[in-house]
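Commentary on secondary and tertiary structure
Here's the letter readout for the chains.
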Amino acid sequence: MSDKTVKPPKIFISYSWTSSEHENWVMDLAIRLRDNYVDVVLDKWDLKEGHDIYAFMESMVHSEEIEKVLVICDKGYQTKAEGRSGGVGTETQIISQQVYSDVNQQKFIPIVAERNIDTGEPHIPTYMKSRKYIDLSSPERFENGYEELLRSLFERPVHRKPALGAAPSWLFEDAPSHYKTTNINKAIKDSITRNPQRLPALTQEFLEAFLESLSQFEFEYKYGDGELDELVFEKIQEMLTLRNDYLEFVELQCSGQPSIAIESFIRFFEQLQQKTMRPEGFSGPFYEDQWDHFKFLTRELFLFTIVILIDKMQYQALSELLQSTYFLIGKDYSENKARTYDYFDYNCRSLNETRNKRLQLSKISLMADMLMNRVTEKYNRKKLVQADLLLYYFSVLSDIERQYFWFPKTYLYEEYYKLDFLQRLRSKRYIEKVKRLFEVDDIDELKRKIEYFKHSHAGHFIFGEIPDIQYHIPVEEIGLHP
């Protein structure tokens, strides 16, 4: 902003003629203020011979043109103010009346020019001791204090009160769906900036709260209770808000900590798996499909975790999540079995078979169709399909022995396009970042793996063909650029 567009603040400087050095200090301050577009009234400039000194001082204090009065506080000023002596004593009588009569007044600003040598306390008259002052008492403090003074005079503080925002819309909804996880996310956001040490505890608290929240979606099903697939479908829809809390949580993990607590995620998915099966000790009649909503949610959460980690370029965390061993409980709860992430590629029979047939939906995969309809603006269909395909490719390329491979259910719901993640393998620098995901040490080993994929896994399925990796990145182009 040009200085021509604002009116210069007009101020009066009240000070003591303590010494010639002090008078020169005040004069230098006044000159610098005028150089910075402040209209300074000073006795040495504006009090002429023949003027009434008392009337001049009184006019400066009461004048509406004078926006601020700077009271320069040194030992001499304090002594004269307390003793009501000299011109300072006269000004003190006038100013103190204004200060005492209006506790909220902002016209008079104490400027500390000197501190007590023994105690370090500022030399401020009693009537102004409770006022916020600006400290110019030493060369070390002067520049910061001077900036503070200018900001005060021009009403341009460093910390400005933000504009009043709108009230959260969910406060006025008739039946808002909010869980404990929502509030924990708020605490995590606050801790990222205010108290990062709390983040590990809040991470664990969120995951535990998420698992606890799932209990409200459990149900017992008996013949005659209605269509089971309808209950499963409804529960999936009801869990959407909770799922969104999880997406926000993963995002916060990517931004809030130097390294993501992958062990917590691994343990979380191990515990989540238990929700997909008959609870331990459950003795009544049951249908295997009555836990399909938890199977859907587990696959969805794992898939979106991959989407976000790719989006946030958290390749270290991504490789740990994909190459870790998950110890999952068997149906009889007798032992934990070592599994790979492919185990979370659940098929929901109540959706893909029962509901699809009952409602004559003719969907290739109703489960995939629902996943695609639950994407967000930020994590859209294209990103979801990319993550789904990459999970398939990584499972096939992995050195870990697998019982079966992750099947990319969503790939049939999007036109073929070349995955950005794989196309970037043209860059040697990018390969260095992601090579651990492919479980290779160098470019030549990566090329051999992808070439082997082409010959050993044709990628044919009953409903179509999954594109070969070299559809996205030909082997001869890998590492072609720096």
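Residues numbered from 1 in each chain as written. Predicted model: local features only at pLDDT ≥ 70, side-chain atom pairs only at ≥ 80, totals over all residues. Heavy atoms only, no water.

**Let's talk about the packing of aromatic side chains**
- By the definition in use, this model includes 28 aromatic pairs.
- Feature note: the residues Phe206, Phe210, Tyr246, Phe249, Phe265, Phe268, Phe269, Phe302, Tyr326, Tyr341, Phe344 and Trp406 constitute an aromatic cluster, connected by ring pairs.
- If you follow Arg32 out to its NZ or CZ, it ends over the ring of Tyr146, 4.0 Å from the centre.
- The positively charged end of Lys44 is found above the aromatic ring belonging to Trp17, 4.6 Å away from the centroid. (Phe/Tyr/Trp six-rings, centres within 6.5 Å; stacked < 30°, edge-to-face > 60°. Lys NZ or Arg CZ within 6 Å of the ring centre and 35° of its normal.)

**Some points on the environment of Trp291**
- Mapped onto the secondary structure, Trp291 falls in the loop between helix H11 (262-274) and helix H12 (292-311).
- Residue classification places Trp291 among the buried residues on the basis of a relative accessible area of 5%.
- For Trp291 and Cys348, which are 57 residues apart along the polypeptide, the C-alpha to C-alpha distance reads 8.9 Å. (Helix = DSSP H or I, 4+ residues; strand = E, 2+ residues; numbered from the N terminus. Buried < 20%, exposed > 50% of the residue type's maximum accessible area, 1.4 Å probe, protein only.)

**Here's the deal with the confidence of the model for the protein**
- Predicted confidence across the protein gives a mean pLDDT of 86, with 89% of residues reaching 70 or more.
- Looking across the protein, the model is least confident in strand S8 (residues 460-461), with a mean pLDDT of 49, and most confident in H12, with 97. (pLDDT = per-residue confidence, 0-100.)

**Re empty space enclosed by the protein**
- All told, the structure shown has two cavities of 30 Å³ or more when counted by the stated rule.
- In this structure, the second largest cavity spans a volume of roughly 40 Å³.
- Leu322, Gln323, Tyr341, Phe394, Ser398, Arg402, Leu437 and Glu439 together form the lining of the second largest cavity.
- When grouped by side-chain class, the residues that make up the lining of the second largest cavity number four nonpolar, two polar and two charged. (1 Å grid on protein atoms, 1.4 Å probe; cavity = no way out; pocket = protein on both sides within 12 Å on 5 of 7 lines; lining within 4 Å. Points joined across faces, edges and corners; volume = space filled by probe spheres on them. Nonpolar A, V, L, I, M, F, W, Y, C, P; charged D, E, K, R; others polar.)

**What to know about the sheet that holds strand S4 (residues 108-112)**
- Spatial ordering of the open sheet is given by S2-S1-S3-S4-S5, a layout of five strands whose pairing is parallel. Across the chains shown, the open sheet's two edge strands, defined by having one partner strand only, are strand S2 (39-41) and strand S5 (134-135).
- Pairing analysis gives four bridges linking strand S1 (residues 10-14) to strand S3 (residues 68-73), with the strands arranged parallel. Paired with Ile13 across the two strands is Leu70, which belongs to S3.
- Against the sheet, helix H1 (residues 20-35) contacts S1, S2 and S3, and its axis sits at roughly 150 degrees relative to S3. (Pairing = 2+ DSSP bridges. Contact = heavy atoms within 4.5 Å. Axes fitted to C-alpha atoms, helices over the stretch in contact; angles between N-to-C directions.)

**A look at the layout of surface pockets**
- There is about 530 Å³ of room inside the largest pocket.
- Counted as a void, the second largest pocket has a volume near 380 Å³.
- Lining the second largest pocket are 17 residues, and of these Ile310, Met313, Tyr315, Asp420 and Arg424 lie nearest its centre.
- When residues of the lining of the second largest pocket are traced back to their parent elements, those giving at least two are H12, helix H16 (381-397), helix H17 (420-423) and helix H18 (428-434).
- Tallied by class, residues from the lining of the second largest pocket come to seven nonpolar, two polar and eight charged.

**So, the pairing of S1**
- The buried fraction of S1 is high, at four of five residues.
- Pairing analysis gives three bridges linking S1 to S2, with the strands arranged parallel. Residue Lys10 lies in a different strand from S2, and its bridge partner there is Asp39.
- Of the crossover connections in this fold, the one passing from S1 over H1 to the parallel S2 is right-handed. (Right-handed = clockwise from strand over helix to strand, strands pointing away.)

**Re the nonpolar core**
- Ranked by size, the top nonpolar core spans 95 residues in total, and within it Tyr246, Phe302, Phe421 and Phe438 carry the most contacts.
- The dominant element in this core, judged by the number of residues it contributes, is H12, at 12 residues.
- With near-sequence residues (within four places) excluded, Phe438 lies in contact with Phe394, Leu397, Phe421, Leu422, Leu425, Leu446 and Lys449.
- Core analysis: the next-biggest nonpolar cluster, separate from the first, contains 23 residues, Leu33, Val38, Ile72 and Ile109 among them. (Core = buried A, V, L, I, M, F, W, Y, C linked by side-chain atoms within 4.5 Å.)

**Thoughts on the packing of helix H10 (residues 240-256) against H11**
- Contact geometry for H10 and H11: axes closest at 13 Å, N-to-C directions at 160 degrees. On the basis of the axis angle, H10 is roughly antiparallel to H11. Both H10 and H11 take part in a crossing whose hand is left-handed. The segment H10 lies against H11, with Tyr246, Phe249, Val250 and Gln253 engaging Phe265, Phe268 and Phe269.
- Here the residues of the contact of H10 with H11 sort into six nonpolar, one polar and no charged. (Parallel < 35°, antiparallel > 145°, perpendicular 65-115°, else oblique. Left-handed = near helix turned anticlockwise from the far one by under 90°.)

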